[in-house]
2 protein chains.
Amino acid sequence: MKVDGRVERGEQTRRQILRRAAVIASVEGLEGLSIGRLATELEISKSGVFAHFGSKEELQLATVRAAARIFVDEVITPAGAATGLARLERLLDGWLAYSERRTFPGGCFFYSVQAEFDARTGRVRDSIAEFDRGWVELIRTAAADVPDLAADPAQLAFELVAYLQLANARSVLHDDPDVYAHARAAVRAALDRATRRA
Amino acid sequence: MKVDGRVERGEQTRRQILRRAAVIASVEGLEGLSIGRLATELEISKSGVFAHFGSKEELQLATVRAAARIFVDEVITPAGAATGLARLERLLDGWLAYSERRTFPGGCFFYSVQAEFDARTGRVRDSIAEFDRGWVELIRTAAADVPDLAADPAQLAFELVAYLQLANARSVLHDDPDVYAHARAAVRAALDRATRRA
DNA sequence: CCTACCGATCGGTAGG
DNA sequence: CCTACCGATCGGTAGG
């Protein structure tokens, strides 16, 4: 074992690269993310960045994984051990707060890169699609776990996720924070309908 | 006046360039659209493409305008002279059919480029944002013109547009046409609620 | 992690 | 519309 801390510094550099990469990609996309630009911004050499990943595709995949960890920390973990309606509400509120506080400057990282890669093929697209499936499935399952739900969980999940996504999209495109109020009203009304006693 | 048809051929070439540009951009984005690639695919020289626009930004702006004309022809014009609830329904059905039939291979052109440019600055982003404002305003106005509407038109328009956008996004990302059924059910339920007599 | 490269492609220009 | 260029930047490699 080396004791001069070289490995440790290497991992720290890698984390710095990925943090910056996720920030850039949320604005410019994962293709617009260039190794040369990352190197310039982080004040290391281009091959210094390159050596951590071996190819641009691996850099993109590692960036998606890093963004997924941030998403989990900011949206899913805070929902904690809540169950039933409280859990669903916490996940939805958590997502809206995550988008609104601009954890990523271009809004939700996954909205940006999904639209960029949705019509392509390859491992990057696949990893993004898998993340999206997991998120929607999480919301569907949380909806299904609400006692006496008066709605199809999959249909309700579709509608709820639609409100979140449009709020993020329109707030970034129009610099308009008011759309979050529309999204919160829509979520509230949908949950009220779905939990109304027959 | 020239009578050898040179100007006419020039305009035809320009139209061909823009049609191809809109198709490419719906998959690869307006930045991924390169003048060299357009030239290769259309079998003309790179400077032959360039001469029509003078800069990449002008090519991008012309592509947005060309896509807007296609959108109007496919979604808005078919709604014709219908009024009230019928007009709103025709616009929403028309949009879902336009997305589902893949007028653009990457799904709705404007969804793709909005996500690409939403966090940038400049004339291309401004033209895309203006188009989006116009579309949402069209839906809000159509909703407001429904007699005895039992909902806030702006809130209803937000929810309806959200269903359309998520159906497009998820059908492209997951090659899953079933999401259109979710969107149509959500639209139907929202319109039923909004037109229910008190 | 570095310097020093490679071929390919980018947007754009000159001159016709 | 063409050929023939330009400087800049891209992802990636060699060799340390």
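All figures in this text were calculated on a predicted structure; none of them were measured in a lab. (Residues numbered from 1 in each chain as written. Chains lettered and ligands numbered in written order. Predicted model: local features only at pLDDT ≥ 70, side-chain atom pairs only at ≥ 80, totals over all residues. Heavy atoms only, no water.)

Asks: Sorry if this is basic, but what is going on with the nonpolar core here?
Replies: As a rule of thumb, nonpolar side chains are buried together in soluble globular proteins. Counting 133 residues, the largest nonpolar core has Phe109 of chain A together with Phe109 of chain B as the members making the most contacts within it. At 12 residues, helix H8 (residues 153–174) of chain B tops the list of elements feeding residues into this core. Contacts of Phe109 of chain A, omitting those with residues within four sequence positions, involve Ala22, Ala25, Ser26, Leu30, Thr63, Val64, Ala67, Tyr98 and Phe104 of chain A. (Core = buried A, V, L, I, M, F, W, Y, C linked by side-chain atoms within 4.5 Å. Buried < 20%, exposed > 50% of the residue type's maximum accessible area, 1.4 Å probe, protein only. Helix = DSSP H or I, 4+ residues; strand = E, 2+ residues; numbered from the N terminus. Contact = heavy atoms within 4.5 Å.)

Asks: Before we go on, may I ask you to explain the relation of the copies chain A and chain B in this structure?
Replies: Copy one and copy two of the chain differ by a rotation about a common axis and a shift along it. Under the fitted operation, chain A is carried onto chain B by 0.0 Å of movement along the axis and a turn of 180 degrees, and the coordinates agree to an RMSD of 0.0 Å. Here the symmetry operator amounts to a two-fold rotation axis. Considering only C-alpha atoms, the part of chain A nearest the rotation axis is Ala162 of chain A, at 2.5 Å. When the interface residues of chain A are mapped onto chain B, 97% of them again fall at the interface, so both copies present the same face. (Least-squares fit on C-alpha atoms with pLDDT ≥ 70 in both.)

Asks: What's the story with the interface of chain A and chain B in this structure? I'm lost.
Replies: One widely used convention gives an interface's size as the accessible area the parts lose upon coming together. Contact with chain A, which involves 39 residues of that partner, is made by 38 residues of chain B. For the pairing of chain A and chain B, the buried interface totals around 3,500 Å² over both sides, and the portion due to carbon and sulfur atoms is 58%. Run the count over chain A and chain B and you get 4 salt bridges. The salt bridge involving Asp132 of chain B is made with Arg170 of chain A; its shortest N-O contact spans 2.6 Å. Taken together, the links from chain A to chain B amount to 13 residue pairs in polar contact (both at pLDDT 80 or more). Breaking the side of chain A that touches chain B down by element, the ones donating at least two residues are helix H1 (6–32), helix H6 (109–117), helix H7 (123–144), helix H8 (153–174) and helix H9 (179–195) of chain A. Its residues assigned to classes, the side of chain A that touches chain B comprises 21 nonpolar, 6 polar and 12 charged. (Buried area = accessible area lost by both parts, 1.4 Å probe. Salt bridge = Lys/Arg side-chain N within 4 Å of Asp/Glu carboxyl O. Polar contact = N/O pair within 3.5 Å; in protein donor to acceptor, adjacent residues only side chain to side chain. Nonpolar A, V, L, I, M, F, W, Y, C, P; charged D, E, K, R; others polar.)

Asks: How should I be thinking about the environment of Val172 of chain B in this particular structure?
Replies: With respect to the secondary-structure elements, Val172 of chain B resides in helix H8. Among the residues examined, Val172 of chain B registers a relative accessible area of 5% and is labelled buried. Sequence spacing of Val172 of chain B and Ala51 of chain B is 121 residues, and the spatial spacing of their C-alpha atoms is 34 Å. The residues contacting Val172 of chain B, other than those within four sequence positions of it, are Asp118, Ala119 and Arg125 of chain A together with Arg102, Gly106 and Gly107 of chain B.

Asks: What is the right way to read the protein's contact with DNA strand D from this model?
Replies: Close to DNA strand D lie 15 residues; Ser34 and Lys56 of chain A together with Thr13, Ser45 and Ser47 of chain B are nearest. Thr13 of chain B places a polar side-chain atom, nitrogen or oxygen, 2.3 Å from a phosphate oxygen of DNA strand D. Going through the elements one at a time, helix H2 (35–42) and helix H3 (46–51) of chain A together with helix H3 (46–50) of chain B are the ones with two or more residues in the surface near DNA strand D. If one sorts the elements of the surface near DNA strand D by residue count, H3 of chain A sits on top with 3 residues. Residues of the surface near DNA strand D, tallied by class, amount to 5 nonpolar, 8 polar and 2 charged. (Near = heavy atom within 4 Å.)

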